[in-house]
Amino acid sequence: MAVAGFLLALVLVLYFAGSVMREMRGFHDAQHEGRPLEGWMTPRYVSMSYRVPPEEILALWQISPDIRRRMTLSEISKLNGMTIDQMQRLVTERARVLRAGGQ
Amino acid sequence: MTETFMALVPQFGVYLVGMIVFLSALAIPLPGSMLVMVGGGFVASGDMELVPVLAAAFLGVVLGDQTAYTLARQGRTAVLERMRRSDKRARQIDRAEALIRRRGMLAVFLSRTVLSPAGPYVSYVSGAGGFGRLGFSMAAIPGAVIWSAFYVGIGYRFADHLSEIASLIGNALGLITAATILVLMGLWLIRGLRDTAATEIRPEGAAATEGKHD
């Protein structure tokens, strides 16, 4: 019983150690990229992630700056008729221009 | 499911964070720590305020811990009385209760910090095992402060990589828990081997002693 428990715990230690190492490597790589947009995000969250001012993001998505605070991308998508992929492309492009020093 | 709850955080704010943390402290499988990190992420983006997010996480854990403890304590008498009918079980229960009283604070504190997946179960065991509420609270409340600050802080710092960091933390906690079990199993194994060796040696020793008396 104790031997079986010990071996099982050893397998779990090896499994989690491998997962931690793999994810640390993946996490290090992911830090250099903007996070793909998802329905739960808010314009401010996207702004922070892509370093694009929030008012510019709302303008790109053709949304009034007076929208309710913390409106999610799923809700915005219903308002402006854009898919999250379309919003993603607009933000990624704008972030690329800003990074390159453009206006 | 996690994604669904994450989408509800912008709508229901700190109330949802506090409620989910409370329920997960009762061992209901809900993404409590993930939502606290999301709260921290929304603090970083300016969508939420720091103090209410911290307060919701802290109160959720503390109320959840106390509720789990109380439920287990109230159910304890009936269950334990039935179990104590057997002498062997009664001795085991006495031993378990003594262990909880001796090491309970350390167990409760660790289960709120580095061994947090075990947190809800330790609350139930503490209540059921007769560990005093004062001792439980003295370990659980500082643990809740550390837990809340850690997850809000991690969410704030790694706001744009929440899923990745949540998965990394989940696996790191899994590693710590598995390593703890490995050490405990190792100690159990060593003790078992020693007991076996002592049992094998004792008859010879006993015979030698008898020989001397003759």
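Here the structure is a predicted model, which is why all the values come from computation and not from measurement.

How each quantity is defined
- Residues numbered from 1 in each chain as written.
- Chains lettered and ligands numbered in written order.
- Predicted model: local features only at pLDDT ≥ 70, side-chain atom pairs only at ≥ 80, totals over all residues.
- Heavy atoms only, no water.
- Helix = DSSP H or I, 4+ residues; strand = E, 2+ residues; numbered from the N terminus.
- Buried < 20%, exposed > 50% of the residue type's maximum accessible area, 1.4 Å probe, protein only.
- Contact = heavy atoms within 4.5 Å.
- Areas by Shrake-Rupley, 256 points an atom, 1.4 Å probe, with all protein chains shown as cover.
- Core = buried A, V, L, I, M, F, W, Y, C linked by side-chain atoms within 4.5 Å.
- Salt bridge = Lys/Arg side-chain N within 4 Å of Asp/Glu carboxyl O.
- Polar contact = N/O pair within 3.5 Å; in protein donor to acceptor, adjacent residues only side chain to side chain.
- Nonpolar A, V, L, I, M, F, W, Y, C, P; charged D, E, K, R; others polar.
- pLDDT = per-residue confidence, 0-100.
- Phe/Tyr/Trp six-rings, centres within 6.5 Å; stacked < 30°, edge-to-face > 60°.

*Asks:* Break down the overall build of chain A for me, with residues and values.
*Replies:* Across its full length, chain A holds five helices and zero strands. The order of α-helices and β-strands along chain A, N terminus first, is α-α-α-α-α. Sorting the 103 residues of chain A into buried and exposed places 39% on the buried side. Within chain A, contacts between residues separated by at least 24 positions form 51% of all contacts whose residues are at least 6 apart in sequence. With the model as given, the accessible surface of chain A reaches about 6,300 Å², and the carbon-plus-sulfur share is 60%.

*Asks:* Would you mind going over the overall build of chain B in detail, with residue names and values included?
*Replies:* A tally of regular secondary structure across chain B gives seven helices and zero strands. Starting at the N terminus and walking to the C terminus, you meet the elements of chain B as α-α-α-α-α-α-α. Looking at chain B as a whole, 42% of its 214 residues qualify as buried. Partitioning the intrachain contacts of chain B with sequence separation of at least 6 by distance along the chain shows that 74% fall at a separation of at least 24.

*Asks:* Can you explain the nonpolar core? Please cite residues and give values.
*Replies:* Residues Val46 and Trp61 of chain A together with Met37 of chain B are the most contacted members of the largest nonpolar core, which totals 51 residues. Residues in contact with tryptophan 61 of chain A, not counting those within four places in the same chain, are Leu37, Pro43, Val46, Leu73, Ile76, Asn80, Met82, Met87, Leu90 and Val91 of chain A. Core analysis: the second largest hydrophobic core is formed by eight residues, Tyr69, Val122, Ala139 and Ala140 of chain B among them.

*Asks:* Tell me about the interface of chain A and chain B, residues and numbers included.
*Replies:* The interface of chain A with chain B comprises 32 residues on the first partner and 38 residues on the second. On the surface where chain A and chain B come into contact, there are zero salt bridges. Linking chain A with chain B are four residue pairs in polar contact (both at pLDDT 80 or more), by the criterion used here. Counting only elements with at least two residues in the side of chain A that touches chain B, the list comes to α1 (2-30) and α2 (43-50) of chain A. Its residues assigned to classes, the side of chain A that touches chain B shows 17 nonpolar, six polar and nine charged.

*Asks:* With reference to specific residues and values, describe the confidence of the model for chain B.
*Replies:* Residue and element names in this part refer to chain B. Residues of chain B with pLDDT of at least 70 account for 88%, and the chain-wide mean is 84. Per-element confidence in chain B ranges from a low mean pLDDT of 75 for helix α7 (residues 162-213) to a high of 93 for helix α6 (residues 133-157). Counting interchain partners and residues more than four positions distant, the pLDDT-below-50 stretch residues 210-214 has zero contacts.

*Asks:* Describe the side chain of aspartate 47 of chain B, listing the residues and the values that go with them.
*Replies:* Looking at the secondary structure, you find aspartate 47 of chain B in the loop between α2 (32-45) and α3 (50-83). Of the polar contacts made by the side chain of aspartate 47 of chain B, one reaches the side chain of threonine 42 of chain A; its length is 2.4 Å. Discounting residues that sit within four places of it in the chain, aspartate 47 of chain B has contacts with Thr42, Arg44, Tyr45, Arg69 and Arg70 of chain A together with Phe42 of chain B.

*Asks:* So, the packing of aromatic side chains: which residues are in play, and what are the values?
*Replies:* Residues and elements named next belong to chain A. The tally for this structure, following the rule as stated, stands at seven aromatic pairs over all chains. Plain terms: the ring middles of tryptophan 40 and tyrosine 45 are 5.0 Å apart, the flat faces sit at 65 degrees to each other, and that makes the pair edge-to-face. Given a relative accessible area of 1%, tryptophan 40 falls into the buried group. Since its relative accessible area comes to 0%, tyrosine 45 is described here as buried.

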